Amino acid sequence: MTSALSAVAFDPGRALARAAGGDEAAFALLVRRHQSMVFGLAWNALGDAALAEEVAQEVFLRLYRRLGAIESEEHLVSWLRRVTGQRVVDAVRRRRPALPLDELPEPAQPSAEELAEPLLGRRLRRLVRGLPPEQRVALLLRYQEEMAPREIAAALRLPVNTVKSRVQRALATLRRQLAPTGAEEAAP
């Protein structure tokens, strides 16, 4: 079946309907449209490009099987974020790092922020990867995907207060770890 959808005139509702009907080209367009979000979330949470690719493939395979249940573009984005978050947590649980936090591998591609302050960027990424998976996913959805706590709660199917608590705990941990040693004793 040939798809009449093009990247220029992308209609998410039509693409969803056609993909659910078996149009492989429409599904490929959906994947291309959302792959950077899914991969980016997984990569920033895991710090491992190969594992992030594996997670992204699992997410899109699961999407393919569940296309008929996706109601809209908004539902699709929410579903992708939730499932990616779940797969990231599963991947972290499967591969508990045996290395100390300081020896975790660095992602290969530097961001614009890293180029401005490379040492802080690397250290912060390493610290974020050291957070418990549930906190890490909530933090990345909040600040990488710029989602509001209510949106995160809906995507992860959690109470809003649980999301807020996870983000706050993650931020508190990062602040503690980034604080200069001896700063507490020096404060009056």
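Scroll up to find the structure.
What comes next concerns the included structure. In this text the structure is predicted, and so the values were computed from the model without any measurement. (Residues numbered from 1 in each chain as written. Predicted model: local features only at pLDDT ≥ 70, side-chain atom pairs only at ≥ 80, totals over all residues. Heavy atoms only, no water.)

1. Points about the overall build of the protein chain
Turning to step 1, where the next piece is worked out: Scanning the protein chain from terminus to terminus reveals 10 helices and 0 strands.
Turning to step 2, where the next piece is worked out: Traced from its N-terminal end to its C-terminal end, the protein chain shows the element sequence α-α-α-α-α-α-α-α-α-α.
Turning to step 3, where the next piece is worked out: For the protein chain, buried positions account for 41% of its 188 residues.
Turning to step 4, where the next piece is worked out: Sequence separation of 24 or more characterises 59% of the internal contacts of the protein chain that already satisfy a separation of 6 or more. (Helix = DSSP H or I, 4+ residues; strand = E, 2+ residues; numbered from the N terminus. Buried < 20%, exposed > 50% of the residue type's maximum accessible area, 1.4 Å probe, protein only. Contact = heavy atoms within 4.5 Å.)

2. Side note on the packing of helix H4 (residues 73-94) against helix H8 (residues 149-156)
Turning to step 1, where the next piece is worked out: Taken N-terminus to C-terminus, the directions of H4 and H8 make an angle of 70 degrees; their axes are 8 Å apart at the nearest point. Taken together, H4 and H8 sit at an angle that is classed as roughly perpendicular. Where H4 approaches H8, its residues Ser-78, Arg-81 and Arg-82 are matched on the opposing element by Ala-154, Ala-155 and Leu-156.
Turning to step 2, where the next piece is worked out: Counted by class, the contact of H4 with H8 contains 3 nonpolar, 1 polar and 2 charged residues. (Axes fitted to C-alpha atoms, helices over the stretch in contact; angles between N-to-C directions. Parallel < 35°, antiparallel > 145°, perpendicular 65-115°, else oblique. Nonpolar A, V, L, I, M, F, W, Y, C, P; charged D, E, K, R; others polar.)

3. Looking at the nonpolar core
Turning to step 1, where the next piece is worked out: The biggest cluster of nonpolar side chains holds 50 residues, and the ones touching the most others in it are Leu-46, Leu-63, Leu-80, Val-88 and Leu-139.
Turning to step 2, where the next piece is worked out: Of all the elements in the fold, those that place two or more residues in this core are helix H1 (12-20), helix H2 (24-46), helix H3 (49-66), H4, helix H6 (118-129), helix H7 (133-143), H8 and helix H9 (160-178).
Turning to step 3, where the next piece is worked out: For this core, the element with the highest residue contribution is H2, accounting for 11 residues.
Turning to step 4, where the next piece is worked out: Beyond its immediate chain neighbours, meaning those up to four positions away, Leu-80 contacts His-34, Met-37, Val-38, Val-59, Phe-60 and Leu-63. (Core = buried A, V, L, I, M, F, W, Y, C linked by side-chain atoms within 4.5 Å.)

4. Comments concerning the side chain of Glu-73
Turning to step 1, where the next piece is worked out: Along the chain, Glu-73 turns up in helix H4.
Turning to step 2, where the next piece is worked out: Overall, Glu-73 belongs to the buried group, its relative accessible area being 15%.
Turning to step 3, where the next piece is worked out: Reaching out from Glu-73, the side chain makes a polar contact with the side chain of His-34 at a distance of 3.2 Å. (Polar contact = N/O pair within 3.5 Å; in protein donor to acceptor, adjacent residues only side chain to side chain.)

5. Side note on the pattern of salt bridges
Turning to step 1, where the next piece is worked out: Counted by the stated rule, this structure contains 5 salt bridges.
Turning to step 2, where the next piece is worked out: One salt bridge in this structure joins Asp-23 and Arg-18, with 2.9 Å as the shortest N-O distance.
Turning to step 3, where the next piece is worked out: Among the residues examined, Asp-23 registers a relative accessible area of 0% and is labelled buried.
Turning to step 4, where the next piece is worked out: With its nearest N and O atoms 3.4 Å apart, the salt bridge here joins Arg-81 to Glu-145. Taken together, the residues span a long stretch of sequence, with Arg-81 in helix H4 and Glu-145 in the loop between H7 and H8 at a distance of 64 residues. (Salt bridge = Lys/Arg side-chain N within 4 Å of Asp/Glu carboxyl O.)

6. A short note on the packing of aromatic side chains
Turning to step 1, where the next piece is worked out: Counted under the stated rule, the structure contains 1 aromatic pair.
Turning to step 2, where the next piece is worked out: Measuring from ring centre to ring centre gives 5.0 Å for Phe-27 and Tyr-64, while their planes differ by 75 degrees; the resulting arrangement is edge-to-face. Taken together, the positions of Phe-27 in helix H2 and Tyr-64 in helix H3 put the pair 37 residues apart, joining distant regions of the chain.
Turning to step 3, where the next piece is worked out: On the accessibility criterion, Tyr-64 (41% relative accessible area) is partly exposed.
Turning to step 4, where the next piece is worked out: Over the ring of Tyr-143 we find Arg-142; its NZ or CZ atom is 5.4 Å from the centre of that ring. (Phe/Tyr/Trp six-rings, centres within 6.5 Å; stacked < 30°, edge-to-face > 60°. Lys NZ or Arg CZ within 6 Å of the ring centre and 35° of its normal.)

7. Some words on H1
Turning to step 1, where the next piece is worked out: Within H1 the residues assigned to the buried category are Pro-12, Ala-15, Leu-16 and Ala-19. All buried residues of H1 fall inside an arc of 100 degrees around its axis, so they share one side.
Turning to step 2, where the next piece is worked out: Directly beyond the C-terminal end of H1, a positive phi value near 105 degrees is found at Gly-22. (Arc of directions from axis to C-beta.)

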